[in-house]
Structure formats: C-alpha cells, structure tokens
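Report on the structure
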Amino acid sequence: MTKKPLLITTGEPAGIGMDVVLLLAAQGQLQDFARPIWVTADKAAMQARAADLVSSGVIKNAPKWQTIESSASLNNEVSHIDLADDAFLLLNTPCAKPVVAGYIETKNAAMVAQQLQLAHTLATDKSIAAIVTGPLQKSALIDADIKLLDGTMFSGHTEFFMQQSGYDKVVMMLANPAMKVALVTTHLALRDVPAAITQDNVRQTVQIVIDDMRTKFGLDAPRILVCGLNPHAGEGGHLGLEERDIINPVLQEFIFKGVNISEAMPADTLFTPRHLANCDAVIAMYHDQGLPVLKSHGFGDTVNLTLGLPYIRTSVDHGTALDLAGRGGASATSLYQALMMANEMANKSLIE
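First things first, this report covers the structure right here in the doc. Predicted model, so just to flag it, every value in this text is computed and none were measured.

Right, let's talk about the overall build of the protein for a bit. Across its full length, the protein holds 13 helices and twelve strands. A compact globule built from 352 residues should have a C-alpha radius of gyration of about 20 Å, and the protein, at 21 Å, falls within 12% of that. Considered along the principal axes of its C-alpha atoms, the protein spans approximately 65 × 45 × 40 Å. Excluding contacts between residues fewer than 6 apart, the proportion of contacts in the protein whose partners are at least 24 apart in sequence is 73%. Of the roughly 15100 Å² that the protein leaves accessible, carbon and sulfur atoms contribute 52%. Taking the 26 positively charged and 36 negatively charged side chains of the protein as two groups, their mean positions are separated by 2 Å.

Here helix α9 (residues 242-256) is 15 residues long and its end C-alpha atoms lie 20 Å apart, about the 21 Å a rise of 1.5 Å per residue gives. In the structure, α9 departs most strongly from a straight axis at Asn248, where the bend amounts to approximately 40° and where the proline Pro249 lies between one and four residues downstream. Residues Glu242, Glu243, Ile247, Asn248, Val250, Leu251 and Phe254 constitute the buried set of α9. Those residues of α9 that are buried lie in contact with α7 (193-196), α8 (199-215), β8 (224-227) and β9 (261-265).

This next bit is on helix α13 (residues 333-348). Its 16 residues place the ends of α13 23 Å apart at the C-alpha level, agreeing with the 22 Å of an ideal helix rising 1.5 Å per residue. If you check which residues of α13 are buried, you get Ser334, Leu335, Tyr336, Gln337, Ala338, Leu339, Met341, Ala342, Asn343, Met345 and Ala346.

Bringing the pairing of strand β6 (residues 171-176) into the picture now. By the criterion of burial, β6 is predominantly enclosed, with six of the six residues buried. Burial along β6 is two-sided: the face carrying Val171, Met173 and Ala175 and the face carrying Met172, Leu174 and Asn176 are both buried. Strand direction decides the pairing type here: β6 and strand β7 (residues 179-183), joined by four bridges, are antiparallel. Bridge pairing in β7 places Ala175 opposite Lys180. Adjacent in sequence and paired antiparallel, β6 and β7 are bridged by two residues.

Counting 71 residues, the largest nonpolar core has Ile37, Met46, Phe88, Val209, Leu305, Leu335 and Leu339 as its most contacted members. No other element matches α13, which puts eight residues into this core. Not counting chain neighbours up to four residues away, the residues in contact with Leu305 comprise Val171, Met172, Met173, Ala175, Phe217, Arg313, Thr314, Met341 and Met345. Judged by nonpolar contacts, the second largest core, of 28 residues, contains Leu89, Leu118, Ala123 and Phe161.

Applying the stated criterion across every chain yields a total of ten salt bridges. With a shortest N-O distance of 2.9 Å, Arg203 and Glu253 are connected by a salt bridge. Placement of the pair is Arg203 in helix α8 and Glu253 in helix α9, with a sequence separation of 50 residues. For Arg203, a relative accessible area of 25% corresponds to the partly exposed category. Residue Glu253 is classed as partly exposed on the basis of its relative accessible area of 31%. Residue Lys295 pairs with Asp317 through a salt bridge whose shortest N-O separation is 3.3 Å. Separated by 22 residues along the polypeptide, Lys295 in helix α12 (residues 287-296) and Asp317 in the loop between β12 (312-315) and α13 bring together distant segments of the chain. Taking relative accessible area as the criterion, Lys295 reaches 25% and is therefore assigned partly exposed.

Moving on, we get to the environment of Val181. Tracing the backbone shows Val181 in strand β7. Relative accessible area serves as the criterion here: at 0%, Val181 is assigned to the buried category. Sequence spacing of Val181 and Trp65 is 116 residues, and the spatial spacing of their C-alpha atoms is 36 Å. With residues up to four places along the chain from it excluded, the contact list for Val181 reads Met172, Met173, Leu174, Phe271, Val282, Ala284, Gly290, Leu291 and Leu294.

Moving on, we get to the packing of helix α4 (residues 109-124) against helix α6 (residues 157-164). Contact geometry of α4 with α6 gives a least axis separation of 11 Å together with a crossing angle of 45°. In terms of their interaxial angle, α4 and α6 are classed as oblique. Crossing of α4 over α6 shows right-handed handedness. Residue-level inspection shows Ala113, Leu116, Gln117 and His120 of α4 in contact with α6, the latter providing His157, Phe160, Phe161 and Gln164. Partitioning the contact of α4 with α6 into residue classes produces four nonpolar, four polar and no charged.

Analysis parameters
Residues numbered from 1 in each chain as written. Predicted model: local features only at pLDDT ≥ 70, side-chain atom pairs only at ≥ 80, totals over all residues. Heavy atoms only, no water. Helix = DSSP H or I, 4+ residues; strand = E, 2+ residues; numbered from the N terminus. Rg over C-alpha atoms; globule rule 2.2 N^0.38 Å. Contact = heavy atoms within 4.5 Å. Areas by Shrake-Rupley, 256 points an atom, 1.4 Å probe, with all protein chains shown as cover. Lys, Arg positive; Asp, Glu negative; His and termini not counted. Charge placed at Lys NZ, Arg CZ, Asp CG, Glu CD. Expected span 1.5 Å × (residues − 1). Bend = angle between axes of the 7 residues up to and from the residue. Buried < 20%, exposed > 50% of the residue type's maximum accessible area, 1.4 Å probe, protein only. Pairing = 2+ DSSP bridges. Core = buried A, V, L, I, M, F, W, Y, C linked by side-chain atoms within 4.5 Å. Salt bridge = Lys/Arg side-chain N within 4 Å of Asp/Glu carboxyl O. Axes fitted to C-alpha atoms, helices over the stretch in contact; angles between N-to-C directions. Parallel < 35°, antiparallel > 145°, perpendicular 65-115°, else oblique. Left-handed = near helix turned anticlockwise from the far one by under 90°. Nonpolar A, V, L, I, M, F, W, Y, C, P; charged D, E, K, R; others polar.

Next up, the structure:
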C-alpha cells in the first residue's frame, strides 16, 4: 500500500522556500523517502523560480512535477495521479500578485496563510503523514493584518498550528543526530524566564515530551534528562530555589509513576557524552540553555519540531533568505533533514 505523503509548505513566495524544494527535486533526493511528496506553492511562481535557477546555473534542468488545484475535492483528484516519473505533486496555491524573488509583496501574505490552513486540514483528516514547513516572513503577515484564530497578530507556525488544533500548549523541540532538546520556555527575555518556570508549565512540557516520544518516535519508555534552571541545579537551594520548590517536585511525580526521567541536573554536566549516551531527549528550561549546545553538534543538520500537536510537524531551521532567492547560494540541507525527520517519525508513529 502506498504510504501517505509528506507535505511541504514553501512559505513566503519571495524567499527560498521554492528554491530548496527545486534543489532537492533536481538532485533526485525527494525520492529518498519512499513516500509521495506534495508541495504547496503558486504554480506560476514555481515555474518562474525553476527558470531562474536554470538560467543562473544552479540546476541544469528544471525537475518535473504535476500540478493540481488546492480544493475540497483534493483527495479525489490525487487518487488518480501517478507520480512515478515526477519529483512532486504541486498543490497550486495562487498568489494575489506576481512573485518577484527577493521582494516581499504584502498582498501575497494571504496565500502564505492559505498554505498553512490547507496543511492543517490535510494533516487533521490524515490525508498526509506529516507537515514540513518552509520559512515564512512574519512581518509580511503582520503587515497584511493576518490574525491567529484567537484574534492576535500572527506570531508563527507553532502558534498557528496550536490554535487551529484547539490546544493551549505545545512544545518546541530541536533535533539533530547528536541529541533532541525540548524547551519549557521559548522566546522569552532572560529576565522573564524564572516567572515562567511554574509547576504546571514543567508538568505539561514533560507530559507532552513523554507522549510524543511514545506516539511519534515509537519509544515506549523514553529516557529523559532535565536541566535545572540555576547553576549547579540550585546547589541545594543556595543558588536558587526553583529546582527545590518547583522543578523537582514535578519530576518526582513522574519518577513515582515509573517514568525514566532525571531530577533537575546542572546543564554544564548534563550535556556531556556520558549522560547523553543514555538519553533519548533532554528538556531545557530556556532557549539558550539547550539550543547552543545542540547546534554546536550540527547546525546544518538541525530540525525544528512541534510536539503536542495531533499530527507530525517538522520545519527547516532557517529564514526566508530573500537575498538568495532565485539567485543561487541557498542550501537545501535543512529541508532534507526536516523531511528525513518527518519520514522517520511517520514510519514509527502510532497516529498515521
């Protein structure tokens, strides 16, 4: 039986989202996943970008793809398509204005949001195995007054998919071949982090990591290490009370239930080969506690994941790179790794 597709949203049409898809297609790498690859983009813009890359010498020949219109009858149309000789299936998501590589057109922001809505719908009804998101330009969606479901300004992929799924908590994880690091807090000023380290926040984060390591990574008994907030994990309360009063009481709840999880550990010793060798995931308290270590072990191989959603979502770990769009110089490594991770998770997942 044919496996369900991986869906790539190319994001901001003026950026490199289409470029990196075309690079992988031209190199024959989209066939590496033994799954159909679906891509959302404007068909005219995709054709123009392929021509740009050929004329600039980045690729020798434009890859082949098939195009269908994004619509409610999508599944009926797709059932009759054979992609054996084509790199991918393009779900045409039209732009309001012509796309010029490297130049943001605010009126095309609605098309970017439409891609995400389509991806969410297809993932929710299980037509696809996973969503792999390309980069978008948040400022363009904000300038176009694109709002999230709760009426607040558009703040990113994570918040979009979380709200569309009806959830109020998801977890950001970054992963590469060396380690997987999940975060209790994400994009906060350092002075605001301690107040965000609450028992509820720690408890929800740990539970989401456990659940997704089981359902999306196929690990029945994941081994999890947890960073403390303070140096030396608080030194018994002498360097901070968060470990003693907030973090460890929650971790002890999970330990009592038989979960293979540590109490709060000093981050400077947790991230050593001896500990990481016996660990499936690390939970860090804040962004720059965990991610610099992870990225030092493979920046180009790092993938952004959203845990806690009812489907698999991975992402490239780079921006729109407007200066590179259509001109060459963009690397498709991050997209390839995001597809690899999505495929691996889909193969092991209990939710496909």
